[in-house]
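# Per-entry structural report
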Amino acid sequence: MALKPLETDLNFLMKNRRNLMSKKFSSQFDHMDLMDQIFDINNLTKSGNSRNKFCLAVISKAEIKEVEGEIISSIAPEMSKSGDVSQVELLLINRTLLAIVGALLPGIGCCMCIVYIYVFEFHRVEKSVVPVCDNTRNVLPPISYIIGIWEPTRTAWLCMMFINFPARIMYPFFYNCLYKRSNSSYANSWWYKMLNQLLMHTLLLEALALVIITIFDVVSSFYIHATAFGIWLITLCFNMLILILLCYFSGERESSKASSWLFHLKLMLFATTVVLSLSMSCTYLYAVAKCHQFIYALFSISEYILVPINSLFYFFIYWDCSNISIRLMGN
């Protein structure tokens with residue numbers, strides 16, 4: 001992150017290009033003070049690696065790209081002497097891509113699967129029964145049946161998961177970068193760093209649990225499906241809570257009026273998710289034990305409501321990480 005205002009840094013770098021060219025470049029850019037002021041990047045190149053080298057560069061300001069390109073061009077001769085070659089951008093991942101593919105796609109896709117079943121395959125709904133209760137009709141089948149058993153919605157959901165999962169595993173890196181760069185007085189606290197690291201693991205675990213829920217259906221692999229669903233629900237609540245805490249203590253909540261508004265909206269969505277999670281746990285157990293049609297319908301309704309809430313909450317990455325992009329570089 002730049003240590004001075006952006007305009008000052010740009011002028012400073014442009015004036016010192018010749019000095020930069022005269023430096024003896026080591027195999028790691030992260031040892032160069034000037035490069036540290038431009039962007040945070042670790043181990044961009046290392047001597048002895050294979051020809052195909054990759055790195056993740058976190059860009060904090062779009063305006064830096066032009067200066068960065070000139071600096072990379074100016075140091076290319078030195079890199080060639082040491083056996084390195086200029087870097088080529090292979091892939092740019094930004095918040096817009098993650099917000100659409102990682103959040104909106106599964107939410108809209110799941111809702112479309114539900115609508116399809118009720119409009120074109122309603123005979124399945126009429127024949128649906130409460131699990132373990134063959135004589136109790138299920139007026140609102142849970143999402144596990146719609147996207148996990150019945151075709152063609154199952155195949156459609158699998159295709160969406162194939163597209164969604166790569167985007168979801170990038171969420172931890174974006175949020176880790178966002179809160180790691182905070183200038184808040186809490187940022188150096190051990191518990192703040194622990195929460196930031198914990199968030200990376202729980203976000204990955206949530207995405208993985210959703211894939212397991214999709215692969216192992218509720219009929220043929222009930223215990224695996226139920227366990228994965230429980231893990232997904234718990235990690236979802238934990239991720240919401242940790243993101244809210246980090247947003248508060250990092251100072252992002254006070255960065256603008258929009259950020260403050262989003263923070264309070266996150267609190268509301270988190271509270272709703274906790275209530276729905278507890279409701280689902282109680283209603284499912286009671287409905288199956290007592291073969292109660294209405295209580296099981298409440299369980300299904302809770303699932304239906306949770307889908308757009310989950311999608312909306314993770315769509316906030318579009319505003320949370322507005323100044324962050326990840327580039328995949330290679331030779």
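Residues numbered from 1 in each chain as written. Predicted model: local features only at pLDDT ≥ 70, side-chain atom pairs only at ≥ 80, totals over all residues. Heavy atoms only, no water.

## A short note on the environment of Leu 205
Here Leu 205 is to be found in helix H10 (residues 190-215). Taking the C-alpha atoms as reference points, Leu 205 and Ile 169, 36 residues apart in sequence, are found 9.3 Å from one another. (Helix = DSSP H or I, 4+ residues; strand = E, 2+ residues; numbered from the N terminus.)

## A closer look at the confidence of the model for the chain
Confidence in the prediction of the chain, expressed as mean pLDDT, is 79, and 73% of residues score 70 or more. Segment residues 1-15 is flagged for pLDDT under 50; beyond a separation of four residues in sequence, or across chains, it makes 23 contacts in the model. When the criterion is pLDDT under 50, residues 17-63 qualifies, and its contacts beyond four places in sequence or with other chains add up to 91 contacts. (pLDDT = per-residue confidence, 0-100. Contact = heavy atoms within 4.5 Å.)

## Some words on helix H8 (residues 153-168)
Relative to the 22 Å expected for 16 residues at 1.5 Å per residue, H8 spans 21 Å between its end C-alpha atoms, a close match to the ideal helical length. At Phe 162, H8 shows its strongest bend, of approximately 30 degrees, with the proline Pro 166 following within four residues. Taken together, the buried positions of H8 are Thr 153, Arg 154, Trp 157, Met 160, Met 161, Asn 164, Ala 167 and Arg 168. Close packing links the buried residues of H8 with helix H5 (95-120), helix H7 (143-148), helix H9 (171-180), H10 and helix H13 (293-315). (Expected span 1.5 Å × (residues − 1). Bend = angle between axes of the 7 residues up to and from the residue. Buried < 20%, exposed > 50% of the residue type's maximum accessible area, 1.4 Å probe, protein only.)

## Considering the state of the cysteines
Here the structure, examined in full by the defined rule, presents one disulfide. Residue Cys 133 pairs covalently with Cys 291 via a disulfide, S to S 2.0 Å. Its S-S torsion of approximately -80 degrees makes the covalent link between Cys 133 and Cys 291 left-handed. Of this pair, Cys 133 sits in strand S4 (residues 133-137) while Cys 291 sits in the loop between helix H12 (257-290) and H13, and the two are 158 residues apart along the sequence. Here Cys 110 is not disulfide-linked; the sulfur of Cys 111 is the nearest cysteine sulfur, at 5.9 Å. (Disulfide = S-S within 2.5 Å.)

## A short note on the packing of aromatic side chains
Counted according to the given criterion, the structure contains 23 aromatic pairs. Where Trp 191 meets Tyr 192, the ring centres are 6.3 Å apart and the plane angle is 75 degrees; that geometry is what we call edge-to-face. For Trp 191, a relative accessible area of 25% puts it in the partly exposed group. Ring plane angle 85 degrees and centroid distance 5.3 Å describe the contact between Tyr 318 and Trp 319, whose orientation is recorded as edge-to-face. Through a chain of ring-to-ring contacts, three or more aromatic side chains come together here, namely Tyr 171, Tyr 175, Tyr 179, Phe 313, Tyr 314, Phe 315, Phe 316, Tyr 318 and Trp 319. (Phe/Tyr/Trp six-rings, centres within 6.5 Å; stacked < 30°, edge-to-face > 60°.)

## Considerations on unusual backbone geometry
A cis geometry characterises the amide bond from Glu 151 onward to Pro 152, with omega recorded as 5 degrees. Inspection of the secondary structure assignment puts Pro 152 in the loop between H7 and H8. Positive phi outside glycine occurs at Cys 291, with the angle close to 55 degrees. On the basis of relative accessible area, Cys 291 is assigned to the partly exposed category, the value being 30%.

## Let's talk about the pattern of salt bridges
Scanning the entire structure with this criterion turns up four salt bridges. The partner of Glu 121 in a salt bridge is Arg 124, with the nearest N and O atoms 3.3 Å apart. Judged by its relative accessible area of 26%, Arg 124 falls in the partly exposed class. With a shortest N-O distance of 3.3 Å, Glu 254 and Arg 253 are connected by a salt bridge. Judged by relative accessible area, which is 62%, Glu 254 ranks as exposed. Given a relative accessible area of 18%, Arg 253 falls into the buried group. (Salt bridge = Lys/Arg side-chain N within 4 Å of Asp/Glu carboxyl O.)

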